[in-house]
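# Notes for the structure review
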Amino acid sequence: MKRTVIKIDENLCNGCGNCVTGCHEGALQLIDGKAVMISDLYCDGLGACIGECPVGAISFEEREAAPYDEVAVMERLVPKGEAVVLAHLKHLKDHNEKEWVQQGVEYLKEHNIDFDLTKIGIGGDYGGSGKAMKIMPAAEKPLACGCPGSMAREIERPQAGFVMVPGAQPIAAQPSELRHFPVQLHLINPQAGFLHGADLLLAADCTAFASGEFHSRFLKGKSLAIACPKLDSNTQIYVDKLIEMIEVAKIDTLTVLVMEVPCCGGLVRIAQLAREQARRNIPVKKIVLSVSGEVIEDEWI
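Model, not experiment: these values are computed from the prediction.

## Comments concerning the packing of aromatic side chains
Geometrically, a pair of aromatic rings is defined through the distance of the ring centres and the angle of the planes. What the rule picks out here adds up to 1 aromatic pair. Where Tyr-68 meets Trp-100, the ring centres are 4.4 Å apart and the plane angle is 50°; that geometry is what we call tilted. Of this pair, Tyr-68 sits in the loop between strand E4 (58–64) and helix H2 (70–77) while Trp-100 sits in helix H4 (residues 98–110), and the two are 32 residues apart along the sequence. The class of Trp-100 is buried, set by a relative accessible area of 5%.

## A short note on H4
With 13 residues, H4 extends 18 Å from end C-alpha to end C-alpha; this agrees with the ideal 18 Å at 1.5 Å per step. For H4, the full list of buried residues reads Trp-100, Val-101, Gln-102, Gly-104, Val-105, Tyr-107 and Leu-108. Asn-112 lies just past H4 and shows a positive phi near 55°.

## What to know about unusual backbone geometry
Along the chain, Phe-181 connects to Pro-182 via a cis peptide bond; the corresponding omega equals 5°. Of note, Pro-182 is situated in the loop between strand E10 (180–181) and strand E11 (199–204). For Asn-112, which is not glycine, the phi torsion reads 55° and is therefore positive. Not every positive phi belongs to a glycine, and Lys-250 is a case in point at roughly 55°. Assignment of secondary structure puts Lys-250 in the loop between helix H7 (236–247) and strand E13 (253–259). By relative accessible area, Lys-250 is classed as partly exposed at 46%.

## Remarks on the environment of Asp-232
Checked against the element boundaries, Asp-232 lands in the loop between strand E12 (223–227) and H7. Exposure remark for Asp-232: the relative accessible area of 18% places this residue in the buried category. Note: C-alpha distance between Asp-232 and His-186 (46 residues apart in sequence) is 8.9 Å. Ignoring any residue separated from it by four or fewer positions in sequence, one finds Asp-232 in contact with Gln-184, His-186, Ala-227 and Tyr-238.

## Topic: the pattern of salt bridges
Summed over all chains, the structure comprises 8 salt bridges. Among the salt bridges present, the one from Lys-285 reaches Asp-298, with a minimum N-O distance of 3.5 Å. Here Asp-298 lies in strand E15 (residues 295–300) and Lys-285 lies in strand E14 (residues 284–289), a separation of 13 residues in the sequence. Judged by its relative accessible area of 19%, Lys-285 falls in the buried class. Put simply, Glu-297 and Lys-286 hold a salt bridge, and the shortest N to O gap is 2.9 Å. Of this pair, Glu-297 sits in strand E15 while Lys-286 is found in strand E14, placing the two residues 11 residues apart along the sequence. Using a relative accessible area of 18% as the deciding quantity, one classes Lys-286 as buried. Salt bridges sharing common partners tie together Lys-286, Glu-297 and Glu-299.

## Considerations on the packing of helix H3 (residues 82–94) against H4
Relative placement of two packed helices is described by the angle separating their axes and the distance separating the axes. In the contact formed by H3 and H4, the axes pass within 9 Å of each other and the chain directions differ by 155°. When the axes of H3 and H4 are compared, the pair comes out roughly antiparallel. For the pair H3 and H4, the contacting residues are Val-85, Leu-89, Leu-92 and Lys-93 in the first and Trp-100, Val-101, Gly-104, Val-105 and Leu-108 in the second.

Thresholds applied
Residues numbered from 1 in each chain as written. Predicted model: local features only at pLDDT ≥ 70, side-chain atom pairs only at ≥ 80, totals over all residues. Heavy atoms only, no water. Phe/Tyr/Trp six-rings, centres within 6.5 Å; stacked < 30°, edge-to-face > 60°. Helix = DSSP H or I, 4+ residues; strand = E, 2+ residues; numbered from the N terminus. Buried < 20%, exposed > 50% of the residue type's maximum accessible area, 1.4 Å probe, protein only. Expected span 1.5 Å × (residues − 1). Contact = heavy atoms within 4.5 Å. Salt bridge = Lys/Arg side-chain N within 4 Å of Asp/Glu carboxyl O. Axes fitted to C-alpha atoms, helices over the stretch in contact; angles between N-to-C directions. Parallel < 35°, antiparallel > 145°, perpendicular 65-115°, else oblique.

This is a description of form; function is not addressed.
Here's what the structure looks like:
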């Protein structure tokens, strides 16, 4: 399968070893004075090692790679002790990878390993089918892996309230239905927790501005990815990411929301190619908006 993993430029690597200690999953080792990724299974693709490299020798790449395996990672890390395991789980927690954290915690419970998870803000019931893991919120901070804007996070929304306008009656506030960030398809980790089993809305950039019902009618209850097939570069990455979302994150449905302009048809084609090439078959819906924001086409394809 294709997914995002790290790439090491051996010509730039000076063998300092900072990335090895920065990789909590144990995917990196120093061999003959150079950093080497020993197994795709251990690379979560979140990039903590990138910020540890003083010479810029590490970057992301999309390529064929084995799926990340949290159980395999835990089997490697548990013998190294509590501090190493907690650092690993905190790393996943800070990136909001709830499913991988859950798998790691369940591994500890199944093997009767009593590590103090409250040190990293994990408490309450956990492990086993049907039990909820409680994760205490952590303060937002920039990530070592690069731009803070690429940090995956879920958004808690308060109940809809009212807007007070001086001299007028209170009016109901229009609630946002966005439940995660980022939303640009180039920035989204296709294995992010908010995608697992989700109904995905793949929306052309212009649609949110054309339709006043974007949140209430199209986005509500869905995860979101936005893209522009005309202006965005390397749209093959979009196909590969959607394939990974279908096969690994196991998104349930895919709705493609586009404008009536011809270039938007490219986004529909990207979705169709991903479904054709994926090993899972999921329902895909196409919704087309006029330039004035009216729905002129709504069909499963």
